[in-house]
Amino acid sequence: MQFLQLLVSGISQGCIYGLIALGFVLIYKATEAVSFAQGELMMLGAFCGLALMTVLGFPFWLAVPATIVAIGLFGVVLERLVIRPILGQPVFSIVMLTIGVGYVLRGLVTMIPGIGTETHALPVPYKDMPLRMGELVLSAEQVVVIGATAVLCLLLFALFRYSKLGVAMQASSQNQLAAYYMGIPVQRLNGLAWGLAAAVAAVAGLLLAPITFVHANMGFIGLKAFPAAVVGGFSSLPGAIVGGLVIGMVESLSGFYLPEGVKDVAPYLVVLIMLMVRPNGLFGERLSKKV
Amino acid sequence: MRFLFKTSYAQDLRLAKHGGHLFWYGLLGVALLSAPWFTPEYWLAQLTFVLIYAIVGLGLMLLAGYTGLFSLGHAAFLGVGAYTQAVLTGMGWPFFLSLACAASISAAVGVVVGLPAMRVKGIYLGMATLAFGFIVEEGFARWESVTGGNSGKTVSMPEVFGVPLDSAMAFYFLCLAITVVCTLVILNLLRSPTGRAFVAIRDSEISAQSMGIHLAYYKTLSFALSAAFAGIGGALYAHKLQFISPDQFSILQSIDLLLMIVIGGLGSVHGAFLGAIFLISMPQLISLGKDWLPDSVGQSPGLQGLVYGVVLISFVLFEPMGLYGRWLKVRTWLQMFPFYRQGMFKRQKSFQKSDRLK
């Protein structure tokens, strides 16, 4: 029972990692860039939700979509203003750029007087409602995290599988030049990928907020989502979620069964092993260069 | 403007290309040598930190700027050097012997980290070094019998050939000497076949390989050398602060180091120094600027991060060559004075190349 309990809490934590990793993968697939600002976008999402609910007095069901749309738009604007001018430059520049964006976002939020340096609780309607299933005790927050992740995954799957937009995004991620020749507006789709990634990050932030509270440094959890993305394979959307679940479960189990301190490094040990065994990740595509 | 007509290889390989170089670097040397006598104690300490960070920056520049492999866990090497030095000098080893040990242990660790570099590229390598950085940081915190854990470890002042260097001035000269040696090593390395091989790998792995460069060997070598420099820097850092704890070698420190060389100017030795000056002087500049800002902004703890972020973004967007690139432009403008043209340094448009097939 203990094991199952640990597993479930690992899964709910893993869903958060998976959602942030989804953001990395969306951006990586579309533009081959890696965004180090994903954790900060998540933090921004949580703060945006907080502001809408407590300052503007939005009800919960209205604040959530409003936050997602707002952060999604922010992602689009970010891509247009900051990322697009250096497209085609080495990956390293884009990485540094997103690190800079992360610094700026964290700095800006910390500078909000009275709010930025405090920790807040997000007022959600489903707080403190433990669910019992046999001997298994689940908090409502964890159930919501798992449920929302599943729904979001289905939505994204449907988007990429059935909508014209999703198919176009897939095409441009496979070969940008060929997609461009076929009349697909590759640049606009890149912007959309950033927007989508930001929106997913906002969802992760809103889901994480009731569990860990909202504060300016909550974005550092993004660093733990990198292992999730690598384990799943940087270019696979289902891989991101699976990788997140793996990392979450490894972390939760090693925290209980292994000596103190292993829990914090467990995700990174998993990554190192993964990179040695299967550098492309569990679901990563294997490409070989033909000369 | 001085035109150089190179007529022999010896001329091409010369470190100081012409008398002007000798004059200006000589002047810089005189200024640095006489600095302790007319700078206040506080600024001398800052200058020492600039030298220490410049050593680390030189190492990271070799790796990121010249070999094109970037490390997101470089502070771990700094930490390995610092702890090695702290432990060995604590056991009574002489300074230079323990410094050599710090460098070689860091280099050995660098080789271990460099091993995945043979298999993975680009962002995956970044992930590997990031993971490594986290693991080492946690290792420092947990291995309490050696590192003192989270409560930290005190380090004594160095003793060189039996002479205790207990004044700030003496330690400054030690750092200056080591920095000069490190710079000369880097400069000579870069004009040697090894350095050329590094640059070839950075520019194109495939063409480097087809020219007969053993990729795995040179990539690992680059990691090892870079880690050795970081180890030396770490050892001096430990002596300067006289107290080390795991949180000084965190992933944020690694990112600061990357920020330093990017702002200094990737792919230039000057860049390592300019970046170190930037990193050390930035907090001072910010605290100077604070008085001009309203209190709610100036006193906020987020101000420093915000300024770093904005500076980093604007450099990557507008001046990819960093501070050194800016200096090149100013110098060219001065040299060509009435004939400088607007588009001389225009960045070429390039098509996005897929990293996946590299």
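Residues numbered from 1 in each chain as written. Chains lettered and ligands numbered in written order. Predicted model: local features only at pLDDT ≥ 70, side-chain atom pairs only at ≥ 80, totals over all residues. Heavy atoms only, no water.

**A closer look at the overall build of chain A**
Looking only at helices and strands, chain A has 11 helices and 2 strands in total. Secondary structure elements of chain A occur, N-terminal to C-terminal, as α-α-α-α-β-β-α-α-α-α-α-α-α. Relative to a compact globule of 291 residues, whose C-alpha radius of gyration would be 19 Å, chain A shows 19 Å and is just as compact. Taking the principal axes of its C-alpha atoms as reference, chain A extends roughly 60 × 45 × 35 Å. Within chain A, the fraction of its 291 residues that count as buried is 56%. Long-range pairs, those at least 24 residues apart, make up 74% of the contacts in chain A with a sequence separation of at least 6. Of the accessible surface of chain A, which amounts to about 12400 Å², a share of 69% is contributed by carbon and sulfur atoms. When the 15 basic and 11 acidic side-chain charges of chain A are each reduced to a single mean position, those positions are 16 Å apart. (Helix = DSSP H or I, 4+ residues; strand = E, 2+ residues; numbered from the N terminus. Rg over C-alpha atoms; globule rule 2.2 N^0.38 Å. Buried < 20%, exposed > 50% of the residue type's maximum accessible area, 1.4 Å probe, protein only. Contact = heavy atoms within 4.5 Å. Areas by Shrake-Rupley, 256 points an atom, 1.4 Å probe, with all protein chains shown as cover. Lys, Arg positive; Asp, Glu negative; His and termini not counted. Charge placed at Lys NZ, Arg CZ, Asp CG, Glu CD.)

**Considerations on the overall build of chain B**
Counting secondary structure elements, chain B contains 16 helices and 4 strands. Taken over the C-alpha trace, chain B has a radius of gyration of 21 Å; the compact-globule value for 358 residues is 21 Å, and the two agree within 12%. Over its C-alpha atoms, taken along the principal directions, chain B stretches across nearly 60 × 50 × 50 Å. Relative to its full complement of 358 residues, chain B shows a buried share of 50%. Considering only contacts within chain B whose residues lie at least 6 apart along the sequence, 75% involve residues at least 24 apart. Surface exposure of chain B reaches about 17400 Å², of which carbon and sulfur atoms provide 67%. Computing the positive centroid from 24 side-chain charges and the negative centroid from 15, chain B places the two 18 Å apart.

**Observations regarding the nonpolar core**
Ranked by size, the top nonpolar core spans 199 residues in total, and within it Phe36, Phe226 and Phe234 of chain A together with Tyr53, Ile178 and Leu236 of chain B carry the most contacts. It is helix H3 (residues 41-66) of chain B that contributes the most residues to this core, 16 residues altogether. Each residue touching phenylalanine 234 of chain A, except ones within four places of it in the same chain, is listed here: Phe24, Val25, Tyr28, Val34, Phe226 and Ala229 of chain A together with Tyr124 and Met127 of chain B. (Core = buried A, V, L, I, M, F, W, Y, C linked by side-chain atoms within 4.5 Å.)

**Some remarks on the pattern of salt bridges**
All names here are of chain B. Under the counting rule described, the total for this entry stands at 9 salt bridges over all chains. Of the charged contacts in the structure, one is a salt bridge between glutamate 138 and arginine 142, with a shortest N-O distance of 3.0 Å. In this pair, glutamate 138 and arginine 142 are both assigned in helix H6 (residues 122-142), 4 residues apart and thus about one turn of the helix distant. Given the relative accessible area of 16%, glutamate 138 is considered buried. (Salt bridge = Lys/Arg side-chain N within 4 Å of Asp/Glu carboxyl O.)

**What to know about the interface of chain B and chain A**
Each partner contributes residues to the interface: chain B has 47 residues there, and chain A has 52 residues. Interface of chain B and chain A: buried area, both sides summed, is about 4600 Å²; carbon and sulfur atoms make up 73% of it. Here chain B and chain A share 0 salt bridges between them. Linking chain B with chain A are 2 residue pairs in polar contact (both at pLDDT 80 or more). (Buried area = accessible area lost by both parts, 1.4 Å probe. Polar contact = N/O pair within 3.5 Å; in protein donor to acceptor, adjacent residues only side chain to side chain.)

**Let's talk about the packing of aromatic side chains**
This model, assessed by the stated rule, comprises 25 aromatic pairs over all chains. The interplanar angle of 45° and the centroid separation of 5.9 Å between the aromatic rings of tryptophan 37 of chain B and phenylalanine 173 of chain B together place this pair among those described as tilted. Taken together, the residues tryptophan 37 of chain B in helix H2 (residues 19-38) and phenylalanine 173 of chain B in helix H8 (residues 168-190) connect sequence positions 136 residues apart. With a centroid separation of 6.1 Å and an interplanar angle of 65°, the aromatic rings of tyrosine 237 of chain B and phenylalanine 249 of chain B are classed as edge-to-face. Linking tyrosine 237 of chain B in helix H11 (residues 215-241) with phenylalanine 249 of chain B in the loop between strand S4 (243-244) and helix H12 (251-264), this pair joins segments that are 12 residues apart in sequence. On the basis of relative accessibility, which here comes to 8%, the residue tyrosine 237 of chain B falls in the buried class. Among the aromatic residues, those joined into a ring-pair cluster are Phe24, Tyr28, Phe36, Phe226 and Phe234 of chain A together with Tyr124 of chain B. Above the plane of the ring of tyrosine 103 of chain A lies arginine 106 of chain A, whose end atom (NZ or CZ) is 5.6 Å from the centre. (Phe/Tyr/Trp six-rings, centres within 6.5 Å; stacked < 30°, edge-to-face > 60°. Lys NZ or Arg CZ within 6 Å of the ring centre and 35° of its normal.)

**Here's the deal with the confidence of the model for chain A**
Looking at chain A as a whole, its pLDDT mean stands at 85, while 98% of the residues score no less than 70. Ranking the helices and strands of chain A by mean pLDDT puts helix H3 (residues 60-83) of chain A first, with 91, and strand S1 (residues 131-133) of chain A last, with 75. (pLDDT = per-residue confidence, 0-100.)

**Thoughts on the UniProt feature "transmembrane region" (unreviewed entry) in chain A**
All names here are of chain A. The UniProt entry lists residues 6-29, 41-74, 86-105, 136-160, 192-214 and 226-250 under the feature "transmembrane region" (unreviewed entry), expressed in the numbering used here. Along residues 136-160, the helical share is 84% and the strand share 12%, with 36 Å between the first and last C-alpha atoms. Between the end C-alpha atoms of residues 192-214 there is a gap of 27 Å, over a span that is 91% helix and 0% strand. (UniProt positions renumbered as here; feature names shortened; annotations may be inferred.)

**Digging into helix H16 (residues 322-335) of chain B**
Owing to its 3.6 residues per turn, the α-helix brings residues three or four apart onto one side. All names here are of chain B. Given a rise of 1.5 Å per residue, 14 residues ought to cover 20 Å, and the 20 Å separating the end C-alpha atoms of H16 matches this to within 8%. Taken together, the buried positions of H16 are occupied by Gly322, Tyr324, Gly325, Lys329 and Thr332. Take H16 and look down its axis: the buried residues cluster within an arc of 145°, on one side only. On its buried face, H16 sits against H12, helix H13 (269-290) and helix H15 (303-318). (Expected span 1.5 Å × (residues − 1). Arc of directions from axis to C-beta.)

**Side note on the environment of glycine 244 of chain A**
Residue and element names in this part refer to chain A. Here glycine 244 is to be found in helix H10 (residues 237-257). On the basis of relative accessible area, glycine 244 is assigned to the buried category, the value being 0%. On a C-alpha basis, the gap between glycine 244 and leucine 138 in space is 19 Å, while along the polypeptide they are 106 residues apart. Non-local contacts of glycine 244, meaning those with residues more than four positions away in its chain, are made with Gly14, Tyr17, Gly18 and Ala228.

**Here's the deal with the confidence of the model for chain B**
Interpretation of this model should avoid reading the predicted coordinates in detail wherever pLDDT is low. Per-residue pLDDT for chain B has a mean of 86; in total, 95% of the residues score no lower than 70. Interface scoring of the predicted complex returns ipTM 0.85; its pTM is 0.88.

**What to know about the environment of leucine 306 of chain B**
Here leucine 306 of chain B is to be found in helix H15. Through-space distance from the C-alpha of leucine 306 of chain B to that of leucine 293 of chain B is 14 Å; in sequence the pair is 13 residues apart. Residues contacting leucine 306 of chain B, with those up to four places away along its chain left out, are Tyr103, Val104, Gly107, Leu108 and Met111 of chain A.

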